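The chain contents come next:
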Amino acid sequence: MMKALIILAVLATLGLIAFQYHRNKNIKKLFTALLTLGIILSLAVAGNVTRPVMPIYLAHLILMIISWGGLILYLVREKYVGWIIFSPLVTIGLFLLLEWLTGSGHEVG
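A brief structural summary. Computed from a prediction, not measured in an experiment: that's the story for all the values here.

## Points about the packing of helix 3 (residues 54-77) against helix 5 (residues 88-102)
As a packed pair, helix 3 and helix 5 sit with axes 8 Å apart at the nearest point and diverge in direction by 160°. By the angle class used here, helix 3 and helix 5 are roughly antiparallel. Two packed elements cross with a definite hand, and for helix 3 against helix 5 that hand is left-handed. From helix 3, I56, A59, H60, L63, M64 and S67 reach across to helix 5, where they touch P88, T91, I92, L94, F95 and L98. Of the residues that constitute the contact of helix 3 with helix 5, the class distribution is nine nonpolar, three polar and no charged.

What follows is the structure in structure tokens.
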């Protein structure tokens, strides 16, 4: 069920990007929106490394939803807020920092 909602959200976003381009014929906005969508999807996939630490993973999911909202804000109001869109990098960085400081617990010996 959740995978279907994610796929529908991606398709709806692509539809909104296509609608905005058809309406405005702004090629720069089209490429910016598609690149941002690709980055958001990449951050979603990369965020799966945070799954072993559930609080960080939940924070990552929340930031992903907010990031997606930042893309929608850009499409609707043409206001690009980069710190909102790239906010999931914070949880990935925090997880990697914790792994570096404490180790993964999978060391041999």
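## As for the packing of aromatic side chains
Scanning the model with the defined rule gives one aromatic pair in all. Ring geometry for Y74 versus Y80: centroids 5.2 Å apart, planes at 90°, classification edge-to-face. Across from the ring centre of Y74, 5.8 Å away, lies the NZ or CZ of K29, which sits over that ring.

## Some points on a nonpolar patch on the surface
Taken together, the side chains of M1, M2, L5, I6, I7, L8, L11, L14, I27, F31 and L34 define a hydrophobic patch exposed on the protein surface, amounting to about 1,200 Å² of accessible area. Those elements that provide at least two residues to the nonpolar patch are helix 1 (2-24) and helix 2 (27-46). By residue number, the principal contributor to the nonpolar patch is helix 1, which donates seven residues. Along the chain, the position of M1 falls in the segment before helix 1. Accessibility expressed as a relative area gives 80% for M1, which makes it exposed.

## Focus on the side chain of T50
The residue T50 is located in the loop between helix 2 and helix 3 in this model. A polar atom in the side chain of T50 sits 2.6 Å from the backbone oxygen of G47. Contacts of T50, omitting those with residues within four sequence positions, involve I56, Y57, H60, T91, I92 and F95.

## Concerning empty space enclosed by the protein
Counted under the stated rule, the structure contains one cavity of 30 Å³ or more. Quantified by volume, the largest cavity comes out at close to 40 Å³. If you trace the largest cavity, you find it lined by I17, Q20, Y21, N26, K29, L30, A33 and L75. When contributions to the lining of the largest cavity are tallied by element, the ones reaching two or more residues are helix 1 and helix 2. Of the residues assigned to the lining of the largest cavity, the class counts are five nonpolar, two polar and one charged.

## Side note on helix 5
Quick reminder: α-helices carry 3.6 residues per turn. Residues three or four places apart thus point the same way. Its 15 residues place the ends of helix 5 21 Å apart at the C-alpha level, agreeing with the 21 Å of an ideal helix rising 1.5 Å per residue. Contacts made by the buried residues of helix 5 are with helix 2, helix 3 and helix 4 (82-85). In the stretch just after helix 5, G103 is the one whose phi turns positive, near 85°.

Cut-offs and rules
Residues numbered from 1 in each chain as written. Predicted model: local features only at pLDDT ≥ 70, side-chain atom pairs only at ≥ 80, totals over all residues. Heavy atoms only, no water. Axes fitted to C-alpha atoms, helices over the stretch in contact; angles between N-to-C directions. Helix = DSSP H or I, 4+ residues; strand = E, 2+ residues; numbered from the N terminus. Parallel < 35°, antiparallel > 145°, perpendicular 65-115°, else oblique. Left-handed = near helix turned anticlockwise from the far one by under 90°. Contact = heavy atoms within 4.5 Å. Nonpolar A, V, L, I, M, F, W, Y, C, P; charged D, E, K, R; others polar. Phe/Tyr/Trp six-rings, centres within 6.5 Å; stacked < 30°, edge-to-face > 60°. Lys NZ or Arg CZ within 6 Å of the ring centre and 35° of its normal. Patch = residues over 30% accessible without salt bridge, like charges linked within 9 Å, V, L, I, M, F, W, Y side chains within 5 Å. Areas by Shrake-Rupley, 256 points an atom, 1.4 Å probe, with all protein chains shown as cover. Salt bridge = Lys/Arg side-chain N within 4 Å of Asp/Glu carboxyl O. Buried < 20%, exposed > 50% of the residue type's maximum accessible area, 1.4 Å probe, protein only. Polar contact = N/O pair within 3.5 Å; in protein donor to acceptor, adjacent residues only side chain to side chain. 1 Å grid on protein atoms, 1.4 Å probe; cavity = no way out; pocket = protein on both sides within 12 Å on 5 of 7 lines; lining within 4 Å. Points joined across faces, edges and corners; volume = space filled by probe spheres on them. Expected span 1.5 Å × (residues − 1).

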